[in-house]
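What the coordinates show
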Amino acid sequence: MQLTPSGAFEHIKESVVQYLETAYRISDPCVVSERGDILRRTGVVAQEPFIEATPAFPTSRKLADLERSYPEFLPVGLSELVQHGVPVDRFNLYTHQEEALLAANSSKPSLLVATGTGSGKTEAFILPILADILREAKNWAPVQGKPERGVYDEANNIWLHSRRHERRPAALRAIILYPMNALVNDQLSRLRRILANGASPDWQRRNLNGNVIHFGMYTSLTPRAGSYQDKWRRDKVNEYLQKIQLDWDHLRDDLKIKGFWPRPDSPEMLIRWDMQAAPPDILVTNYSMLEYMLVRPIENNIFEKTKQWLQSDPNARLTLVLDEAHTYTGAKGTEVAHLVRRLKERIGIEPGSNKFRAIATTASLPNISGAEDDLFRFISDLFGEPENRFTLIKLPDDMNKLPERKPSLRALTAFDRFHQAFDITNPFPAIEGIASDLQLGQVDYTLDPQVALYQLLENNEDILWVRQRTARNATLLDQLADECWDGLATPEERERATAGVLSAGNFARPEAKLDVPPLLSVRLHAFFRGVPGF
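**With respect to the overall build of the chain**
Along its length, the chain carries 21 helices and 13 strands. In terms of its C-alpha atoms, the chain occupies a principal-axis envelope of roughly 80 × 65 × 50 Å. Split into buried and exposed, the 534 residues of the chain put 49% on the buried side. Counting only contacts in the chain whose residues sit at least 6 apart along the sequence, the fraction spanning at least 24 positions is 76%. Carbon and sulfur atoms provide 50% of the accessible area of the chain, an area that totals close to 25,500 Å². Distance between charge centroids for the chain: 6 Å, based on 64 positive and 71 negative side chains.

**Quick word on the pairing of strand β9 (residues 318–322)**
In terms of burial, β9 is largely enclosed, as 5 of its 5 residues are buried. In terms of strand pairing, strand β5 (residues 174–178) meets β9 through 4 bridges, oriented parallel. Among the inter-strand pairings, I176 is bridged to a residue of β9, identified as V321. The handedness of the β9 to strand β10 (residues 356–361) crossover, carried by helix α14 (residues 330–346), is right-handed.

**Notes on the environment of R346**
Inspection of the secondary structure puts R346 in helix α14. Taking the C-alpha atoms as reference points, R346 and R90, 256 residues apart in sequence, are found 42 Å from one another. Dropping the residues within four chain positions of it, R346 is found in contact with L294, N300, F303, E304 and K307. Reaching out from R346, the side chain makes a polar contact with the side chain of E304 at a distance of 3.2 Å.

**Some details on helix α21 (residues 491–507)**
For α21, which comprises 17 residues, the first-to-last C-alpha distance of 24 Å matches the rise-based estimate of 24 Å (1.5 Å per residue) to within 8%. Every buried residue of α21 is accounted for by R494, A497, T498, A499, G500, V501, L502, A504, G505 and F507.

**Considering helix α17 (residues 428–437)**
Restricting attention to buried positions, one finds in α17 the residues F428, A430, I431, I434 and A435. Each buried residue of α17 sits inside an arc of 160° when the element is viewed along its axis, so together they form one side. Its buried side turned inward, α17 meets α16 (409–421), α18 (449–457) and α21. Looking one or two places after α17, you find Q439, whose phi comes out positive at around 55°.

**As for the packing of aromatic side chains**
Summed over all chains, the structure comprises 14 aromatic pairs. Considering the side-chain rings of Y228 and W273, the 6.2 Å spacing of their centres and the 80° angle between planes classify their relative orientation as edge-to-face. In this pair, Y228 is assigned in the loop between β6 (215–217) and α9 (231–250) and W273 in helix α11 (residues 272–277), connecting sequence segments 45 residues apart. Y228 gets classed as partly exposed once you look at its relative accessible area, which sits at 23%. Assessed through its relative accessible area of 1%, W273 is described here as buried.

**What about unusual backbone geometry?**
Residue R224 follows P223 across a cis peptide bond; omega there is 0°. The phi angle at D265 is positive, at roughly 55°, despite the residue not being glycine. Position of D265 among the secondary structure elements: in the loop between α10 (253–256) and β7 (268–269). Positive phi, close to 55°, is recorded for R472, a residue that is not glycine.

**Concerning the sheet that holds strand β2 (residues 110–114)**
Taken together, the 8 strands give an open sheet; going across it, the order is β7-β6-β8-β5-β9-β10-β2-β11, and neighbouring strands pair in parallel fashion. This sheet does not close on itself; its edge strands, each paired only once, are β7 and β11 (390–394). With 5 bridges joining them, β2 and β11 adopt parallel strand pairing. Paired with S110 across the bridge in β11 is F390. Along the sheet face, helix α15 (residues 371–383) touches β2, β9, β10 and β11 and points at about 130° away from the line of β11.

**Observations regarding the environment of Q468**
As for its position among the elements, Q468 is in helix α19 (residues 461–470). In sequence terms Q468 and P403 are 65 residues apart; their C-alpha atoms lie 7.8 Å from each other.

**What about the packing of helix α5 (residues 95–103) against helix α6 (residues 121–137)?**
One way to put it is that α5 packs onto α6 with a least axis distance of 9 Å and a crossing angle of 30°. Pair α5 / α6 crosses with right-handed handedness. For the pair α5 and α6, the contacting residues are Q97, A100 and L101 in the first and E123, A124, L127 and P128 in the second. By residue class, the composition of the contact of α5 with α6 is 5 nonpolar, 1 polar and 1 charged.

**Topic: the packing of α14 against α15**
Orientation of α14 relative to α15, taken along the N-to-C sense of each, is 50°, at an axis distance of 7 Å. With respect to their mutual orientation, α14 and α15 come out oblique. Seen from α14, the contacting residues are G333, V336, A337, V340, R341 and K344; seen from α15, they are S380, D381, L382 and F383. Looking at side-chain class alone, the contact of α14 with α15 contains 5 nonpolar, 2 polar and 3 charged residues.

**A look at the sheet that holds strand β1 (residues 50–53)**
Spatial ordering of the open sheet is given by β12-β1-β13, a layout of 3 strands whose pairing is antiparallel. Every other strand in the sheet has two partners, leaving β12 (475–476) and β13 (522–525) as the edge strands with one partner each.

**Quick word on the pattern of salt bridges**
Pairs can form between side chains of opposite charge once their charged atoms are near each other. Scanning all chains against the criterion turns up 36 salt bridges. Where R405 meets D462, a salt bridge forms, and the shortest distance between an N and an O atom there is 2.8 Å. Taken as a pair, R405 in the loop between β11 and α16 and D462 in helix α19 lie far apart in primary sequence, 57 residues in all. The exposure class assigned to D462 is buried, which follows from its relative accessible area of 3%.

How each quantity is defined
- Residues numbered from 1 in each chain as written.
- Predicted model: local features only at pLDDT ≥ 70, side-chain atom pairs only at ≥ 80, totals over all residues.
- Heavy atoms only, no water.
- Helix = DSSP H or I, 4+ residues; strand = E, 2+ residues; numbered from the N terminus.
- Buried < 20%, exposed > 50% of the residue type's maximum accessible area, 1.4 Å probe, protein only.
- Contact = heavy atoms within 4.5 Å.
- Areas by Shrake-Rupley, 256 points an atom, 1.4 Å probe, with all protein chains shown as cover.
- Lys, Arg positive; Asp, Glu negative; His and termini not counted.
- Charge placed at Lys NZ, Arg CZ, Asp CG, Glu CD.
- Pairing = 2+ DSSP bridges.
- Right-handed = clockwise from strand over helix to strand, strands pointing away.
- Polar contact = N/O pair within 3.5 Å; in protein donor to acceptor, adjacent residues only side chain to side chain.
- Expected span 1.5 Å × (residues − 1).
- Arc of directions from axis to C-beta.
- Phe/Tyr/Trp six-rings, centres within 6.5 Å; stacked < 30°, edge-to-face > 60°.
- Axes fitted to C-alpha atoms, helices over the stretch in contact; angles between N-to-C directions.
- Left-handed = near helix turned anticlockwise from the far one by under 90°.
- Nonpolar A, V, L, I, M, F, W, Y, C, P; charged D, E, K, R; others polar.
- Parallel < 35°, antiparallel > 145°, perpendicular 65-115°, else oblique.
- Salt bridge = Lys/Arg side-chain N within 4 Å of Asp/Glu carboxyl O.

The structure is reproduced here in C-alpha cells:
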C-alpha cells in the first residue's frame, strides 16, 4: 500500500517515538503508556508537515538566441561555455535571468536580484560575469608553454605560480562574497561544473588562445596559510595536492561531473600561494576572509594587480556579488558596507565608476507599499553606489495568482485511484487508470512513463492549482487537502487524492532526465526535535 505524505510523516514520527521509548525504558507500563501518548501529541517531538512547491517561473529565450540578438555585448561562445555545466542548450532562460543579463550591460549595470530561493539567482550573476570575461578574452595573448603546478624556487627564494606560462594580466574580474563557508562551497561546485569539469577546459584552450578562466576559493579552508618559505608548509601543500589527485583518480565518472570534488590541473586554483602571486579571474570567499585579505601584506599583490589591470584596460570592470544580501543588516550590515568601501578604495574605484558593477541577490520583495524604494536605499548604502546605477530584477506580481478551478468528484476519485495504484517500478497501470478516469486519451507506451504521464497531465487544472497554491507558500497537508477538494468526499479520500496529485505531478516530466524539473516540483517540510530532559 502506498503511503500518503501524511502517512510517511507519521511513520517517521513513530520511529522517533519508538527510539525514545527504547533508549529511555521505564518499567511501569502505565507510565510508559502515558509517556507514549504525550510524545505522539502534535508539537512534542514533531510539528504537522507542510507542502511547498517550486514556482513555475516564466521563461524567455535560449542563451544562444540572445547571443545572436545582442552581439555588441554578449560574446560568441557564452552559451557553448555555460552549457558544460548548465543545460542552456536544452532549456530557455527564465525571464528574470534574461533581464539580469541584459540589464548588466545597460546604463544601469548594477543589479538587485530579488527573485527568491530556487529561481536561478546564481545564473543571474554568473552569466554577466562570464560575458565580461569572454568579451575581454578575445584579446588575451596566447600562452607560452604548458601549465605546470606552482613550485618553490629555492635558489631565488620565490614561489613560481601555476600560471607562469600565461602572458595575459592576472587580476580579479569578479568577487563573489558569501556570509558563510557552506554557501561558498555550494557556489564552488557550480563554477567547477561550468569551468573545470568535462570538456570545458579543452573548449577554453581552443577558443581563448590557450588560456582558461581561473577561479578559486579563498577561505580559512584554503591551504596553506603563512609563507611558502617554510618547508613544512610546502610539504603539507604537496600532501594536499597528492590527496586531491588520488581522490580524483578513484572517483566514478558520474561523480566527477557533479562538481563536489576539485579536479587536479584544472582552471581551479587550489592553494593560496598561487592566488597571491596571480589572482584568479573569479574569487569566491566570505566577508570575514576579505576583511583579513585587505589588511595582510601577504595578500597585497592580489589587489595591486587588480588595480593595475583596472587602470591599464579602459574596458576593465570588476563585479562584486553579495549573495543573500538581506542578511547584511544591523551591525553586520554596517561592517560589510565599510568593507566594500575599503575594497573599492584599495583598487582605486570611485562611487558610480564604470569600472565597478555591484550585484546583490536577496529574497523575494515583501508585498507592501514602498518596499522597492526601501530596498534601493538599502542596497545603495551597502555598496556605496548611487541608486540610479541599480536595476531591480523581480518576478511578475501576478505570477502566483490562483487559476480559476472548480473541484470535481471525478478528479478526486481519479487521483485517489492513481495514488493507490501507483508503483514506481511499474507505473503504466496507474497511468492508464488516470487516463481512463479523466478521459485523457490513449497512453503512449513508446515513451518513457514519466514523459507519457506528462503529456496527459501537462494542462491538468488540479495539478496547476496545487502548484500555484503552494508555490513559495508552505501549507499544512490537511489544509491543502481541504482547500483542494472543497469538502468533497471524506477527509481520508481527500488526503489520498491530494497525495495522488502530488505523486502524479512529481513523477511527470517533459524529458526523462533528472536535470529536467517535473510538472510539480514539491518538497515536504517536517520538523522534529529532541525532547528536553532526554
